[in-house]
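Examination of the molecular architecture
Here's the letter readout for the chains.
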Amino acid sequence: MAIRLEMDGVDDEVERRLELAATIGLDPQKLLPANSGKSRWSELELDAYLHGAMAWPKPQRRHGAGNVHSAGRQLARAPGRTMERSRQYPADQGTPREQSLWALGAAGKFLLTPEQAEGERLKSLDETNLLHSGAEEAFDRIVTATRKYFDVGAASLSLIAEDAQYFKSVFGPLREETPRQIALCAATVEQNSMLIINDTLTDERFASNPLVVGEPHIRFYAGYPLHGPRGWNIGTLCIIDQKPRTFPPSDQQVLRTLAAIAQSHIDART
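Here the structure is a predicted model, which means the values were calculated and not measured.

For the rest of this paragraph, the subject is the nonpolar core. Core analysis: the largest hydrophobic core is formed by 32 residues, its most contacted members being Phe150, Leu157, Leu226, Leu237, Ile239, Phe247 and Leu255. Considering each element in turn, this core owes the most residues, 7 residues, to helix H8 (residues 249-267). Excluding residues that lie within four positions of it along the chain, phenylalanine 150 makes contacts with Ile239, Arg245, Phe247, Asp251, Val254, Leu255 and Leu258. In terms of nonpolar packing, the next biggest core, distinct from the first, is built from 17 residues, Cys185, Ala186, Leu211 and Cys238 among them.

In structure tokens, the structure reads:
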């Protein structure tokens, strides 16, 4: 249900951002300054209010994070797969070098072979229990707000497993499972920064991608990486659309903030 805020002197862009705050569970009245009667707020102020949301209490760490909402969907397991782990020891076992590499996490990726790094990344994903714990209201709320705010065809919180991309939460015409080699979110995870593709047909990396030339005909993509324990990238918060579009710095900042909120929920699990 759409949330409408009746506020005198608040322009459409401000109201849109305040509605976003309300959708993800924040009290918009607490984001209003004392001089809210003025007609326009600066971009700096708007970003500050969205960033201010991150100063609110973080989700409580919970034990046994694999609870599944009874009405939620169950994420499919990769058929016949268990995640291969490059090392089976906890932090206090193994050789001193192995312990040091384990503690370094993604920061020590350059010291590992690609196979070892991928094994550690998959282990980090496994430790979050996101892949097999079903739908969760907190992530659905964030993804719904993301799609509504940017007014795009689809938004998702995706997880990059060994051979496929799965969705922890998705709203829009996307498959529940996508081969990893064609998933745009896999590229975001690998480059370890926000990936923006304003028009996939003009980007040689993606112009012939089956998800571009076929369903769901992705023309615009923006994704921000999410990480698990020890900093390994495990997935993304992303948006797609069926037409090209710009993605200015102000929109990039909002996507970063929404990803940070999703990240805080992931951090509370481990």
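Still more to cover.
Right, let's talk about the sheet that holds strand E4 (residues 195-197) for a bit. Spatial ordering of the open sheet is given by E3-E2-E1-E6-E5-E4, a layout of 6 strands whose pairing is antiparallel. A strand with exactly one partner marks an edge of an open sheet, and here the two such strands are strand E3 (177-179) and E4. Here the strands of the sheet are splayed against their neighbours by 25° on average, with no regard to which way each runs. Here 6 bridges tie strand E1 (residues 154-160) to strand E6 (residues 233-241), and the two strands are oriented antiparallel to one another. Paired with leucine 157 across the two strands is leucine 237, which belongs to E6.

On to empty space enclosed by the protein. What the rule picks out here adds up to 3 cavities of 30 Å³ or more. The computed volume of the largest cavity comes to approximately 130 Å³. Looking at the largest cavity, it is lined by 15 residues, and the ones nearest its centre are Gln165, Phe167, Leu174, Leu211 and Ile218. Counting only elements with at least two residues in the lining of the largest cavity, the list comes to strand E2 (164-171), helix H6 (184-191) and E6.

The next point concerns the side chain of asparagine 209. Within the secondary structure, asparagine 209 is located in the loop between E4 and helix H7 (210-213). The class of asparagine 209 is buried, set by a relative accessible area of 9%. Ignoring any residue separated from it by four or fewer positions in sequence, one finds asparagine 209 in contact with Ile182 and Leu184.

The next point concerns the state of the cysteines. Overall, the coordinates contain 0 disulfides when judged by the stated rule. Not part of a disulfide, cysteine 185 finds its nearest cysteine sulfur in cysteine 238, a span of 3.5 Å.

Applying the stated criterion across every chain, the model contains 3 aromatic pairs. Considering the side-chain rings of phenylalanine 150 and phenylalanine 247, the 5.4 Å spacing of their centres and the 50° angle between planes classify their relative orientation as tilted. On the criterion of sequence distance, the pair formed by phenylalanine 150 in helix H5 (residues 137-150) and phenylalanine 247 in the loop between E6 and H8 is long-range, its members being 97 residues apart. Residues phenylalanine 150 and phenylalanine 247 agree in their burial class; the two are buried. Each ring, one from phenylalanine 220 and one from phenylalanine 247, has its centre 5.6 Å from the other, and the planes form 50°; the classification is tilted. Taken together, the positions of phenylalanine 220 in strand E5 (residues 220-227) and phenylalanine 247 in the loop between E6 and H8 put the pair 27 residues apart, joining distant regions of the chain.

Let us now look at the packing of H5 against H8. Running from amino to carboxyl end, H5 crosses H8 at an angle of 175°, the nearest separation of the two axes being 10 Å. When the axes of H5 and H8 are compared, the pair comes out roughly antiparallel. Contact with H5, carried on its side by Ala138, Phe139, Ile142, Thr146, Tyr149 and Phe150, involves Asp251, Val254, Leu255, Leu258, Ile261, Ala262, His265 and Ile266 of H8 and no other residues of that element.

Further remarks concern the environment of leucine 112. On the secondary structure map, leucine 112 appears in the loop between helix H3 (96-104) and helix H4 (114-128). In this structure the C-alpha to C-alpha distance between leucine 112 and leucine 101, which are 11 residues apart in sequence, comes to 8.4 Å.

The next thing to look at is the pattern of salt bridges. Throughout the structure, instances matching the rule amount to 9 salt bridges. We note a salt bridge from glutamate 127 to arginine 230, for which the minimum N-O separation is 3.1 Å. One end of the pair, glutamate 127, is in helix H4; the other, arginine 230, is in the loop between E5 and E6, and 103 residues separate them in sequence. A salt bridge links aspartate 241 to lysine 243; the shortest N-O distance between them is 3.2 Å. Owing to a relative accessible area of 5%, aspartate 241 belongs among the buried residues under this scheme. You can call lysine 243 partly exposed: its relative accessible area is 48%. Connected via shared salt-bridge partners are Glu118, Arg121 and Arg180.

Parameters and conventions
Residues numbered from 1 in each chain as written. Predicted model: local features only at pLDDT ≥ 70, side-chain atom pairs only at ≥ 80, totals over all residues. Heavy atoms only, no water. Core = buried A, V, L, I, M, F, W, Y, C linked by side-chain atoms within 4.5 Å. Buried < 20%, exposed > 50% of the residue type's maximum accessible area, 1.4 Å probe, protein only. Helix = DSSP H or I, 4+ residues; strand = E, 2+ residues; numbered from the N terminus. Contact = heavy atoms within 4.5 Å. Pairing = 2+ DSSP bridges. Axes fitted to C-alpha atoms, helices over the stretch in contact; angles between N-to-C directions. 1 Å grid on protein atoms, 1.4 Å probe; cavity = no way out; pocket = protein on both sides within 12 Å on 5 of 7 lines; lining within 4 Å. Points joined across faces, edges and corners; volume = space filled by probe spheres on them. Disulfide = S-S within 2.5 Å. Phe/Tyr/Trp six-rings, centres within 6.5 Å; stacked < 30°, edge-to-face > 60°. Parallel < 35°, antiparallel > 145°, perpendicular 65-115°, else oblique. Salt bridge = Lys/Arg side-chain N within 4 Å of Asp/Glu carboxyl O.

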